[in-house]
Amino acid sequence: MIDRLTIVGVGLIGGSLALALKKAGFVGEIVGASRREEHLKEAVSLGVIDRYELDMAKAVEGANVVFLSVPLGAMGKVFSAIKPGLSTNTIITDGGSAKGCLVTDARLALGELPSGLVPGHPIAGTEKSGVNAAFAELHQDRRVILTPLESSDPEAVKMVQSMWEATGAHVECMSVQEHDERVAAP
């Protein structure tokens, strides 16, 4: 179980993750973070998140797990923004479609790859976007690929795998290189 989950970018993917984890009873509190307050207010009113922070570092303070659900081009800025709020035992995962660039962005922004970093790629979506399109069953019976790094703590990998399994997803692991060669978006 996750006591506190922070979702950076509460749209279809992150919002559906939140709803599924709430439905499964796998999460205590969910904190949302974004640049747009109106978007976060909507997520609270829909019951997707419990509260929000506009300050990314504050949003991740005390979080057991942080899920990054932002465009790949924004990952570097997000890693830099959350860095001051991360603890040594914070688990960080994501929903991006390419892993090599995520790892590079994390290394550049954080200085070294934290042991809690477990890159991931949920293979799910619809033609709709935004938090109002989120639904608890989006990830059910869908594939999620985790790409643990050599530096990833096995307990962090286990937690991220358990998180996705709680949504009803089928989890598999592969290397960053294998993932990007087989399934990454161009």
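The structure reproduced in this document is the subject of the present report. (Residues numbered from 1 in each chain as written. Predicted model: local features only at pLDDT ≥ 70, side-chain atom pairs only at ≥ 80, totals over all residues. Heavy atoms only, no water.)

This next bit is on the packing of helix H4 (residues 75-82) against helix H5 (residues 100-110). At their nearest, the axes of H4 and H5 sit 8 Å apart, and the two run at 35 degrees to each other. Considering how the two elements wind past one another, H4 and H5 form a crossing that is right-handed. Side by side, H4 and H5 meet where Met75, Gly76, Phe79 and Ser80 of the first sit next to Leu102, Asp105, Ala106, Ala109 and Leu110 of the second. Split by residue class, the contact of H4 with H5 holds six nonpolar, two polar and one charged. (Axes fitted to C-alpha atoms, helices over the stretch in contact; angles between N-to-C directions. Helix = DSSP H or I, 4+ residues; strand = E, 2+ residues; numbered from the N terminus. Left-handed = near helix turned anticlockwise from the far one by under 90°. Contact = heavy atoms within 4.5 Å. Nonpolar A, V, L, I, M, F, W, Y, C, P; charged D, E, K, R; others polar.)

On to the environment of Gly62. Looking at the element boundaries, Gly62 is found in the loop between helix H3 (56-60) and strand S4 (65-68). As for Gly62 and Thr6, which are separated by 56 residues in sequence, their C-alpha atoms are 9.2 Å apart.

Let us look at the pairing of strand S2 (residues 27-33). For S2, the tally of buried residues reaches five of seven residues, placing the bulk of the element in the interior. Here strand S1 (residues 2-8) runs beside S2; their pairing, made up of six bridges, is parallel. Counterpart to Val8 in the pairing with S2 is Ala33. With helix H1 (residues 12-24) bridging S1 and its parallel neighbour S2, the resulting β-α-β unit is right-handed. Where S2 meets strand S3 (residues 51-53), three bridges bridge the pair, whose relative direction is parallel. Bridging across to S3, Ala33 finds its partner in Glu53. Crossover handedness for the path S2 to helix H2 (residues 37-45) to S3: right-handed. (Buried < 20%, exposed > 50% of the residue type's maximum accessible area, 1.4 Å probe, protein only. Pairing = 2+ DSSP bridges. Right-handed = clockwise from strand over helix to strand, strands pointing away.)

Bringing the sheet that holds strand S6 (residues 120-123) into the picture now. In sheet architecture, strand pairing relies on hydrogen bonds along the backbone and comes in two forms, parallel and antiparallel. One open sheet holds the three strands; their spatial order is S6-S7-S8, and the pairing between them is mixed. Here the strands that pair on one side only, and so sit at the sheet edges, are S6 and strand S8 (170-173). Neighbouring strand axes in the sheet, compared pairwise and without regard to direction, differ in orientation by 20 degrees on average. By the bridge criterion, four bridges tie strand S7 (residues 143-146) to S8 in an arrangement that is parallel. By the bridge assignment, Val144 is partnered in S8 with Val171. The strands that helix H6 (residues 154-166) touches are S6, S7 and S8; relative to S7, the one it contacts most, it runs at about 170 degrees.

Here the structure, examined in full by the defined rule, presents nine salt bridges. The salt bridge partner of Lys22 is Asp50, with a shortest N-O separation of 3.2 Å. Placement of the pair is Lys22 in helix H1 and Asp50 in the loop between H2 and S3, with a sequence separation of 28 residues. In this structure Lys22 comes out as partly exposed when scored by relative accessible area, which is 28%. Between Asp94 and Lys99 there is a salt bridge, with the nearest N and O atoms lying 2.4 Å from each other. In this structure Asp94 comes out as buried when scored by relative accessible area, which is 1%. Here the salt bridges share partners, and the residues they tie into one network are Arg4, Glu29, Arg51 and Glu53. (Salt bridge = Lys/Arg side-chain N within 4 Å of Asp/Glu carboxyl O.)

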